[in-house]
Amino acid sequence: MSKGTFFITTPIYYVNAAPHLGTAYTTIGADALSRFKRMDGYEVAFVGGMDEHGQKVAETAASKGMTPQQWCDSMEPTFLDAWELLDITYTDIVRTSSDRQTRTVQDFLSRVNDAGWLYTSSYEGWYCVHEETYYAESDLERNDEGQFVCPDCKRPVRYESGGEENWFFKLSAFQDRLLAFYDEHPDFIQPQTRRNEIVSFVKSGLKDLSISRSTFDWGIPFPFDSDHVASVWFDALLAYLTGIGYADPDREGEWERFWPAAYHFVGQDITRFHCVIWPAMLMAAGMPVPEHVFGHGFLLTKGEKMSKSKGNGVMPADLVRIFGVDAYRYYFLSDVQFGHDGDISLERMVQVYNADLANTWGNLCSRVFNMTGKYFDGHVPAAPDGAQDNPLADVANTLYADYAACMDKVDFTGATAAVNKLAQAANLYVENTAPWNLAKEESRAEELAAVMYNLLEACRIVALFMAPFMPNTSQEVYNRLGLGSLVDVTDIEGASCWGGLPSGNAVVTGDPLFPRLDVDAIDLALE
């Protein structure tokens, strides 16, 4: 029986650059939580997309000798291939240049306009093309050359003059409602450091927001004013609704079932859009506000944010070639605390890989499967009476509760640590019970069977809980234990009950899951 629906999103990523470690970080985090929720009995909608409109995209396309649509079409495989490489299980990827996104935006604009929250006015001011956002001069910073720069991306801004007429959203009218909402829902903005920043920003005073442009046409036209196209942020945020069937006659009732979103996963640099503008838009439309926005930290190398402009950007495929996709996913979610900035290095990645995966999890499977082949002709022995009373079962019996509590707090580091506790206990159990000595005495055959059953059962349960982080390796372990597809698991709590491994199943030894790595032999630098 389903526990209900669970809706999670990643940002709608700009198409002007291929997915990098930062975008991949957000995405594998959302994917891990999505996979767990499916295994825990929820019907999951997991939506991402490609942000394709706006002046920045139009200018990039022109520089490539393409139309904006041609440029966006050329970038689609770059994103789809990256998500396939990383085993991302999106239920929908929304392109904002699609007809269905146009339906959503135009319907939403009409709803907000009919409610009286839009008006026209002329605008002059500082504009950041990269962020596609106007800023008050008091919000700007200066670079070393004395130029005004964007407070978010730190690029120089340009002064837009000439009195371009824009449509404005009455954001200022929502200041008190937003502050009241934050008070009533203290866990809406996560982690706490992000919440403090947003509350302070809103208390400093909100200004009405320009949500249209009339000086270019690469965007979605307003349904009631075809001379204007929706601003890129107003457009992109609405892709979350498109991904669950909003304004889609072929998906009637779907968005009402899934909305509001349980989680928006975003980088900390776009929390303001998701925690201020987005909830105000939804309030204006008379729609519920999402339950949580989680703004994770930046990935850093030597204390600096990774980016192509700094020359320290590494692509996901570079690391996947070295570590494999599962180890890649595991490192970024286990060793980098999701709500904080994380300083990463190749040396640390190899250290975590060798300690957690090669020496602990991979070594456990190799030893246990080899001994099963040697002592029981490659089959799971029948567990004798009393076998369930053992230190591994004690650890396993509390694992679901500990793991689920961590996942519900978006504490991936804590969740993987809870699983590793069982893997480490199993390795210690091997040493303490010494099956190789038990096998020498025929009178201890039942004791040997109990030990080996317990070790194989521990391997099954570790694989089960590692599946959201390392789906391929976990499925491989299940295959070697003669078990079914982990995708079919919809009650992870029940599936993790001790004693679920059938006796008699054939056990395949196979190659090492995680061969040890030598950092000096790897030709890649994160610097």
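To be clear, the structure that these remarks concern was listed above.
What you see is a predicted model; the values in this text were computed from it and never measured. (Residues numbered from 1 in each chain as written. Predicted model: local features only at pLDDT ≥ 70, side-chain atom pairs only at ≥ 80, totals over all residues. Heavy atoms only, no water.)

Caption draft 1: Up close: empty space enclosed by the protein. For the structure on display, the rule yields two cavities of 30 Å³ or more. Every residue lining the largest cavity is listed: Val-395, Thr-398, Leu-399, Asp-402, Ala-418 and Lys-421. For the lining of the largest cavity, the secondary structure elements donating two or more residues are α15 (399-408) and α16 (412-433). A breakdown of the residues in the lining of the largest cavity according to their chemical character gives three nonpolar, one polar and two charged. Each pocket or cavity is described by its volume, and for the second largest cavity that value is around 30 Å³. In terms of lining, the second largest cavity is formed by Phe-323, Ala-327, Tyr-330, Tyr-331, Met-349, Val-352, Tyr-353 and Leu-357. Listed by contribution, the elements that provide at least two residues to the lining of the second largest cavity are α12 (325-334) and α13 (346-376). Residue contributions to the lining of the second largest cavity peak at four residues, all from α13. Classifying every residue of the lining of the second largest cavity gives eight nonpolar, no polar and no charged. (1 Å grid on protein atoms, 1.4 Å probe; cavity = no way out; pocket = protein on both sides within 12 Å on 5 of 7 lines; lining within 4 Å. Points joined across faces, edges and corners; volume = space filled by probe spheres on them. Helix = DSSP H or I, 4+ residues; strand = E, 2+ residues; numbered from the N terminus. Nonpolar A, V, L, I, M, F, W, Y, C, P; charged D, E, K, R; others polar.)

Caption draft 2: Spatial organisation of the sheet that holds strand β12 (residues 221-222). The strand order across the open sheet built from three strands is β11-β13-β12, with neighbouring strands paired in antiparallel fashion. In this open sheet, the two edge strands, each paired with only one partner strand, are β11 (212-213) and β12. By the bridge criterion, two bridges tie β11 to strand β13 (residues 225-230) in an arrangement that is antiparallel. Among the inter-strand pairings, Arg-213 is bridged to a residue of β13, identified as Val-229. (Pairing = 2+ DSSP bridges.)

Caption draft 3: How the structure looks around the environment of Ile-211. Within the secondary structure, Ile-211 sits in the loop between β10 (209-210) and β11. Its relative accessible area of 0% is what places Ile-211 among the buried residues. Expressed as a C-alpha distance, the spacing of Ile-211 and Asp-235, which sit 24 residues apart in the sequence, is 8.9 Å. (Buried < 20%, exposed > 50% of the residue type's maximum accessible area, 1.4 Å probe, protein only.)

Caption draft 4: Seen up close, the sheet that holds strand β14 (residues 263-267). Strands sit in the order β3-β2-β1-β14-β15-β9 across an open sheet of six strands; the sheet is parallel. Either end of the sheet is taken by a strand with one partner, and the two such strands are β3 (92-95) and β9 (189-190). For β14 and strand β15 (residues 293-296), the ladder comprises four bridges, and the chain directions are parallel. Paired with Phe-265 across the strands is Phe-294, a residue of β15. In the packing of helix α3 (residues 68-85) onto the sheet, contacts are made with β1 (4-14), β2 (42-51) and β3, and the angle to β3 comes to roughly 160°. (Contact = heavy atoms within 4.5 Å. Axes fitted to C-alpha atoms, helices over the stretch in contact; angles between N-to-C directions.)

Caption draft 5: Structural detail: unusual backbone geometry. Between Gln-190 and the following residue, Pro-191, the backbone shows a cis peptide bond with an omega angle of -10°. Structurally, Pro-191 can be placed in the loop between β9 and α6 (192-203). The residue after Trp-259, namely Pro-260, is reached through a cis peptide bond having omega 5°. Relative to the helices and strands, Pro-260 is located in the loop between α9 (254-258) and β14. One non-glycine residue, Ala-247, adopts positive backbone phi at about 60°. With respect to the helices, strands and loops of the structure, Ala-247 is situated in the loop between α8 (239-242) and α9.

Caption draft 6: Geometry of the packing of helix α18 (residues 445-466) against helix α19 (residues 471-480). In contact at an axis separation of 8 Å, α18 and α19 are set at 150° when each is read in the N-to-C sense. With respect to α19, the axis of α18 lies roughly antiparallel. Here α18 runs over α19; the crossing is left-handed. From α18, Cys-459, Arg-460, Ala-463, Leu-464 and Met-466 reach across to α19, where they touch Ser-474, Val-477 and Tyr-478. Here the residues of the contact of α18 with α19 are counted per class, giving six nonpolar, one polar and one charged. (Parallel < 35°, antiparallel > 145°, perpendicular 65-115°, else oblique. Left-handed = near helix turned anticlockwise from the far one by under 90°.)

Caption draft 7: Spatial organisation of the packing of α15 against α16. Here α15 crosses α16 at 165°, and the two axes come no closer than 7 Å. As the angle between them shows, α15 and α16 are arranged roughly antiparallel. As α15 packs across α16, the resulting crossing turns out to be left-handed. Together, Leu-399, Asp-402, Tyr-403, Cys-406 and Met-407 of α15 and Phe-412, Gly-414, Ala-415, Ala-418, Val-419 and Leu-422 of α16 make up the contact between the two elements. Looking at the contact of α15 with α16 residue by residue, the classes come out as nine nonpolar, one polar and one charged.

Caption draft 8: Layout of the packing of aromatic side chains. This model, assessed by the stated rule, comprises 34 aromatic pairs. Measuring from centroid to centroid gives 6.3 Å for Tyr-182 and Phe-188, while their planes differ by 10°, and the two rings are stacked. The pair Tyr-182 / Phe-188 is uniform in exposure class, with both members buried. Ring geometry for Phe-265 against Phe-338: centres 5.2 Å apart, planes inclined by 45°, an arrangement best described as tilted. Pair noted here: Phe-265 is in strand β14 and Phe-338 is in the loop between α12 and β18 (342-343), with a separation of 73 residues, a long-range link. With relative accessibility at 0%, the residue Phe-265 sits in the buried group. When the ring centre of Phe-201 is taken as reference, the NZ or CZ atom of Arg-272 above it lies at 3.9 Å. (Phe/Tyr/Trp six-rings, centres within 6.5 Å; stacked < 30°, edge-to-face > 60°. Lys NZ or Arg CZ within 6 Å of the ring centre and 35° of its normal.)

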